[in-house]
Amino acid sequence: MFLRIWCPLVPKSTHSWPSSVMGELNHETHGSFGWLLGVLDGDEVLVLGECRCLHMTDSVPEWSREAAVVRALCVPCVGVVGFYMLCVSADCEAEVGRFVQKHREPLTRMLASDVCASAHGVAVTALKLDGAPTELRATLSAAVDVSAAARPPRSEAARRFREAFVGLRARATLSLQAVCSADSAGPQWMSSLRDGCQKLAEQIASPELHYFAADAPHLGLLSPRTPKQLTCASLRGTDCPNATGDGDAEDDDEHEGGAGGGHEVGAGGGARSKGKSAKAKKGGKKSGGGKPRRGGATEAIDTATTRTLEDLSTREIFALDLAWLASAPLSEHVVWPAAELSPSRPDETRAWPILLDTLVFARTDDAIASALLLLRAKLLEQLSEVSKAMATAATDAAAAASLRPTACVLRPTPHAPPVCVVYLLRDKEDESEPSCLQQREALHARLCLPNDRPLLRTSFALGVAARGSDARIPGLLRNVHVGLGASGVKQGTPALVQGSYEYYHYLQWTGHGQLPKPYDDNGWGCAYRSLMSIISWFRLQGYTAVLNPTHYEIQKRLVEHCGQSADELLGKKQWLGSQDVALFLENALGVTCKILECPSGDDVAGSARALVHHFETQGTPVMIGGGELAFTLLGVDFNPDSGDVRFLIMDPHYVGPDDLAQIHPKWVGWKSADSPTHLGTKLFSSDKFYNLCLPQRPSSI
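Residues numbered from 1 in each chain as written. Predicted model: local features only at pLDDT ≥ 70, side-chain atom pairs only at ≥ 80, totals over all residues. Heavy atoms only, no water.

Some points on helix 16 (residues 578-589)
(1) Moving on: In this model helix 16 runs 16 Å from its N-terminal to its C-terminal C-alpha over twelve residues, within 8% of the 16 Å that 1.5 Å per residue would give.
(2) Moving on: Those residues of helix 16 not exposed but buried are S578, D580, V581, A582, F584, L585, A588 and L589.
(3) Moving on: Immediately downstream of helix 16, the backbone of G590 shows phi near 70 degrees, a positive value. (Helix = DSSP H or I, 4+ residues; strand = E, 2+ residues; numbered from the N terminus. Expected span 1.5 Å × (residues − 1). Buried < 20%, exposed > 50% of the residue type's maximum accessible area, 1.4 Å probe, protein only.)

Points about the environment of A389
(1) Moving on: Relative to the elements of secondary structure, A389 occurs in helix 10 (residues 368-393).
(2) Moving on: A relative accessible area of 25% places A389 in the partly exposed class.
(3) Moving on: Residues A389 and P405, 16 residues apart in the sequence, show an inter-C-alpha distance of 8.5 Å.

Side note on the packing of aromatic side chains
(1) Moving on: On inspection of all chains with the given rule, the structure shows 16 aromatic pairs.
(2) Moving on: Pairing F33 with W35 gives two aromatic rings, centres 5.2 Å apart and planes at 90 degrees, and the pair type is edge-to-face.
(3) Moving on: On the basis of relative accessible area, F33 is assigned to the buried category, the value being 4%.
(4) Moving on: Among the residues examined, W35 registers a relative accessible area of 0% and is labelled buried.
(5) Moving on: Where F161 meets F361, the ring centres are 5.3 Å apart and the plane angle is 50 degrees; that geometry is what we call tilted. Linking F161 in helix 6 (residues 154-164) with F361 in strand 15 (residues 349-363), this pair joins segments that are 200 residues apart in sequence.
(6) Moving on: Put simply, the rings of F33, W35, W63, F83 and F99 pair up and form one aromatic cluster. (Phe/Tyr/Trp six-rings, centres within 6.5 Å; stacked < 30°, edge-to-face > 60°.)

Some details on the confidence of the model for the protein
Parts of the prediction with low pLDDT should not have their coordinates interpreted in detail.
(1) Moving on: Of the residues in the protein, 82% reach a pLDDT of 70 or more, and the chain-wide mean stands at 81.
(2) Moving on: Throughout residues 327-344 the model reports pLDDT below 50, and contacts reaching past four residues in sequence, or to other chains, amount to 56 contacts.
(3) Moving on: Long-range and interchain partners of residues 465-470, a stretch whose pLDDT sits below 50, account for 24 contacts in this model, where long-range means more than four residues apart. (pLDDT = per-residue confidence, 0-100. Contact = heavy atoms within 4.5 Å.)

Thoughts on the nonpolar core
Note that soluble globular proteins tend to have their nonpolar side chains buried in a common cluster.
(1) Moving on: Ranked by internal contacts, the top residues of the largest apolar core, which has 55 residues, are W35, F83, V96 and Y423.
(2) Moving on: With five residues, the single largest contributor to this core is strand 17 (residues 419-426).
(3) Moving on: Counting 49 residues, the second-largest nonpolar core is a separate cluster that includes A172, C180, A362 and A397. (Core = buried A, V, L, I, M, F, W, Y, C linked by side-chain atoms within 4.5 Å.)

Some words on the sheet that holds strand 8 (residues 134-138)
(1) Moving on: Taken in spatial order, the six strands of this open sheet run 3-2-6-7-8-9, and their pairing is mixed. Both edges of this open sheet fall to strand 3 (44-52) and strand 9 (146-148), since each of them pairs with a single strand only. Strand-to-strand, the axes of this sheet are offset by a mean angle of 35 degrees, without reference to chain direction.
(2) Moving on: When strand 2 (residues 33-41) meets strand 3, the two strands line up antiparallel, connected through eight bridges. (Pairing = 2+ DSSP bridges. Axes fitted to C-alpha atoms, helices over the stretch in contact; angles between N-to-C directions.)

Next comes the structure, spelled out in structure tokens:
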């Protein structure tokens, strides 16, 4: 629905974004005690993130429960490198020292082993009721010592981490099969579920399982038996020795390795049964558990691959395809794992698709074989977690029929390390995933995330294209207001759009790149382009996974779902108004909009206080429709004493190249109500009627 308002006067808002989103650590958003997560780089601790301690008794952590939860959440080997605590006394060092002395043994078990042994000691952040937090370090020796410490800022720690570590991610949908009837329950059902999971575990542990990095094809097929001289740096195209023949890992049970946090996943990420891995190198050995030769290291790398290596030099996470290789040549037998069960009747086999998604990090000088052993161990852990979750959620086969176990790797905030989560989704759920709401609420509390945006839904897993920019549209710009000068309002207080958005204008490709050529909407498509920019805001903030629609798709939805006339709109070069934009947002994204009615351009300027309130409390871009033109409003600068106001306008009528030098300040810039448009008319004319569409930020996770 959309609400109609008319030039209201509202008090100045005191709303601000949660400090956890802004990277600040304080007791109001993070609680009185929690864990610092990170890695050890040499003798220095790099703190990459934090999570709140939720299991406490008499202000003391329940150590075992906390260790289990944090371990399952973190990717190897991001671990607990310290803690934060609220200090109520003036002497923070003494208060921290007493806590460490009293709980030294359980604290040692909670921390990453290399941190306990390091010369740096344990990282500690002392929170205060008033004032900035204090960074400390504490040793866990017999004589506990607490002293001030200087740690690199979070952005610098993340940069150093990306340089020293590389991520390997495996994501595959497998088929869990259980021999049971539709009415199986109790021990019979549990036994069938356990047997099915055991079959899949055997497939994952099989020596026939190999991995292929589609973004690093120069390495060919990889496995835990890959020669140990091939290190993780070779994924980035460096340290790629001319290893030939087969190599054995000394022991499949050894899985040493470092780990850390990740950022973006490149192309790939889904498991393919007959993709590039099958073509990487022919000629596996003829025994079922044999070791196919690793192609690529000794092969010539063509020009395209050389360019790929240059692109890989700073890549952080590599997606791995999984392939189960039979004894015949690789090009002939690359198969999915499926439990080979023998039911007495065919109709007694039940199957569930299970999406496994896990990530490990290793230092660039670690052997790939060791990293793959660790990755295999995490896949098995995740499968075990799925089995336990299904057994808890469903006491019989009928109750389990609608379950869709889904794991995902998520990074809810920019510099934080990724987390691995397993959800039990239900069949035909919408993108809000209501069945997992309670679990997400607990995770938001654990990770100190705000409760008004969906940062942990599966549709926002790392590497999902919908979360990022519509990069398939060439030259697409983001956050184009950044870099503008002052508005010109003396002693004004700017209120601006909060978060990222994309700039859409005339003659760009339409939609999200489905039609790879400029789309001529000059003279009629300004509201469509403004709508696309608004949709991009909701997508980039994590509220929706909806990609930008084409002009025709916008019209089609308005006709089929919003009561618009097909004869007047569908396939026509027809303008849209603010109310059309509001209807589309409600139907396609579930977003409520307010319509601010201004009978004249003078009323737009008179609504400055209401617009300030909108940007401070909602922070969404505003679509302005009036006369024959539409604009996107990104902010206002208003002096309530003088009444002087400027509007930050993003103009969709621009037809030139995506070059800020040509866009600033004519097409994106601060404007007064009398500023001329590209037609030479006033921005807000006194003889025109204007409707402003104010999208409301959903309060949901």
